[in-house]
2 protein chains.
Amino acid sequence: MSRWEPDARGRLEKAALELYNHQGFDATTVAEIATRAGVTERTFYRHFADKREVLFPADNPLPDILAGATAAAPLPLAPLEVITRALVEAAPVFEEREDLAPQRQAVIAANPELQERELAKLAALASTLAHTLRQRGLENTTAALAAEIGIAAFKVAYERWVNDPDRHPLAQHIRETLDTARHLIAPPDQATATDDVSRTGQESVA
Amino acid sequence: MSRWEPDARGRLEKAALELYNHQGFDATTVAEIATRAGVTERTFYRHFADKREVLFPADNPLPDILAGATAAAPLPLAPLEVITRALVEAAPVFEEREDLAPQRQAVIAANPELQERELAKLAALASTLAHTLRQRGLENTTAALAAEIGIAAFKVAYERWVNDPDRHPLAQHIRETLDTARHLIAPPDQATATDDVSRTGQESVA
DNA sequence: TACCCTGATGTCACGAACTGACATCAGGGT
DNA sequence: ACCCTGATGTCAGTTCGTGACATCAGGGTA
């Protein structure tokens, strides 16, 4: 048998989430996490760059999914439509592990340092999205803007989903939010009218 | 005369910017900054929450300007138009102090920790913007989305402005970028019509 | 079988980021 | 003459994060 229990990384993630949840991020020391996971503090830092990073899985498939879906979308599609499809395709990633996600989300919501890190991850996502859009032939500014808008919409959609008492699928919130975007360029009194217009056949995602 | 040289805070800001610029953020210790400013390390932490915060002025007028301009805009305007005006009105804040801004920007661009902090500041801005839009009567999701998209557009516009060899005014980049955003958001068949409606004057997207 | 190599971990030492508690003392008000 | 306040100094301590080196099971190879 091997010298140590296997999956030290997994144990560290679990221990960290439990402690952060139970006593707060600030009140938890890396030494505590390590002890609970049965390793030393030094080993924690061999697996995670810092105390925050343990909440942001390194094997995150999101960039690849978004890039793949974006690159694969039919060329004549409008940029925002491409992004909508990519985000919808990525939605399941958030819906699996539905047991741990709320804990994780609560911890992050309770701590500004962790929110900063989350914003950084989202910005990185926007960056890869912009890169992929450029490869589709979009001009620089357009690509960057479309990517940023897409991520912005995702942030809002995710927020809605987390707080949705009816537990509608994330994909639905994404589509609705991106539909809402269309209201933004119309004066407020036309909002309801625009609502009808925008509801024309957006369900064609394969 | 007073017991110490006045404006310790200002001296700390200056010393920090110089050192960050000259030897990098990581390679600079708070002790160094304090010594150069003629105070102790402890005093640094009385003025700034942490080593990063010294680059993000506490007297930042941006939130107030944005909130004020947003609240004051005519009610029938489309949300994105309201935001465009607010951002344009805030633009001068970035264009004054044009001597220090590039240094500051270079330091931030060179360090991920500082970029995280900048993203957090922008997110806070989006949050106040959303709050003000809600007070104008906008529904929750619409307000949040408009604010996020506005900040997203601002990020892109600011990036363009910083790298603009022709040094066009920031306000122009903001208008152009938000015009691009309208094209992205509007369904293709409505794009030209929306273009006429949203046109506020001289600008034209090439 | 005997040997070496590798990779994951432990051990130790240390600098640098922050924080709490208490001391100091000019200037202003009473 | 007195006290109060606010900005700073002093000091001790915790925690984060890193470099350098030691350990040793398991796998490959002669």
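Heads up: the structure comes first, above all this text.
Residues numbered from 1 in each chain as written. Chains lettered and ligands numbered in written order. Predicted model: local features only at pLDDT ≥ 70, side-chain atom pairs only at ≥ 80, totals over all residues. Heavy atoms only, no water.

A. Molecular detail of the packing of aromatic side chains. Considering all chains together, one arrives at 14 aromatic pairs over all chains under this definition. Geometrically, the ring pair formed by Phe44 of chain B and Tyr45 of chain B is edge-to-face, given 5.3 Å between the ring centres and 80° between the ring planes. Through a chain of ring-to-ring contacts, the aromatic side chains of Phe94, Phe154, Tyr158 and Trp161 of chain A assemble into a single cluster. A cation over an aromatic ring shows up here: Arg104 of chain A above the ring of Phe56 of chain A, its NZ or CZ 5.2 Å from the ring centre. (Phe/Tyr/Trp six-rings, centres within 6.5 Å; stacked < 30°, edge-to-face > 60°. Lys NZ or Arg CZ within 6 Å of the ring centre and 35° of its normal.)

B. Local environment of the relation of the copies chain A and chain B. Between chain A and chain B, which share one sequence, the superposing operator has a rotation angle of 180° and an axial displacement of 0.0 Å; the RMSD is 0.6 Å. The transformation relating the two chain copies, once decomposed into turn and shift, fits a two-fold axis. Interface overlap between copies is the fraction of interface residues in one copy that are interface residues in the other; for chain A against chain B it reaches 90%, indicating a shared surface. (Least-squares fit on C-alpha atoms with pLDDT ≥ 70 in both. Contact = heavy atoms within 4.5 Å.)

C. The arrangement of the interface of chain A and chain B in detail. Contacts between the two partners involve 31 residues from chain A and, on the opposite side, 34 residues from chain B. Taking both partners together, chain A and chain B bury about 2,900 Å²; carbon and sulfur atoms supply 73% of that area. When the buried surface of chain A facing chain B is broken down by residue, Glu116, Leu184 and Ile185 of chain A rank first, second and third, together holding 25% of it. Applying the counting rule to chain A against chain B returns 6 salt bridges. Between Glu116 of chain A and Arg52 of chain B there is a salt bridge, with its nearest N and O atoms 3.1 Å apart. For the pair chain A and chain B, the number of links is 10 residue pairs in polar contact (both at pLDDT 80 or more). Elements supplying a minimum of two residues to the side of chain A that touches chain B: helix 5 (79-95), helix 7 (112-135), helix 8 (140-162) and helix 9 (170-183) of chain A. If you tally residues by element for the side of chain A that touches chain B, the top one is helix 8 of chain A, at 12 residues. (Buried area = accessible area lost by both parts, 1.4 Å probe. Salt bridge = Lys/Arg side-chain N within 4 Å of Asp/Glu carboxyl O. Polar contact = N/O pair within 3.5 Å; in protein donor to acceptor, adjacent residues only side chain to side chain. Helix = DSSP H or I, 4+ residues; strand = E, 2+ residues; numbered from the N terminus.)

D. Geometry of empty space enclosed by the protein. For the structure shown, the criterion picks out 4 cavities of 30 Å³ or more. Taken as a whole, the largest cavity holds about 190 Å³ of empty space. For the largest cavity, the lining is made up of 16 residues, of which Leu119, Glu148 and Lys155 of chain A together with Glu148 and Lys155 of chain B are closest to its centre. At the level of secondary structure, the elements contributing two or more residues to the lining of the largest cavity comprise helix 7 and helix 8 of chain A together with helix 7 (112-135) and helix 8 (140-162) of chain B. Residues of the lining of the largest cavity, tallied by class, amount to 12 nonpolar, no polar and 4 charged. (1 Å grid on protein atoms, 1.4 Å probe; cavity = no way out; pocket = protein on both sides within 12 Å on 5 of 7 lines; lining within 4 Å. Points joined across faces, edges and corners; volume = space filled by probe spheres on them. Nonpolar A, V, L, I, M, F, W, Y, C, P; charged D, E, K, R; others polar.)

E. View of the nonpolar core. Grouped together as the largest cluster of nonpolar side chains are 78 residues, with contacts concentrated most on Phe154, Leu170 and Ile174 of chain A together with Ile149 and Ile174 of chain B. Discounting chain neighbours no more than four positions away, the residues touching Phe154 of chain A are Leu87, Phe94, Leu122, Leu170 and Ile174 of chain A. (Core = buried A, V, L, I, M, F, W, Y, C linked by side-chain atoms within 4.5 Å. Buried < 20%, exposed > 50% of the residue type's maximum accessible area, 1.4 Å probe, protein only.)

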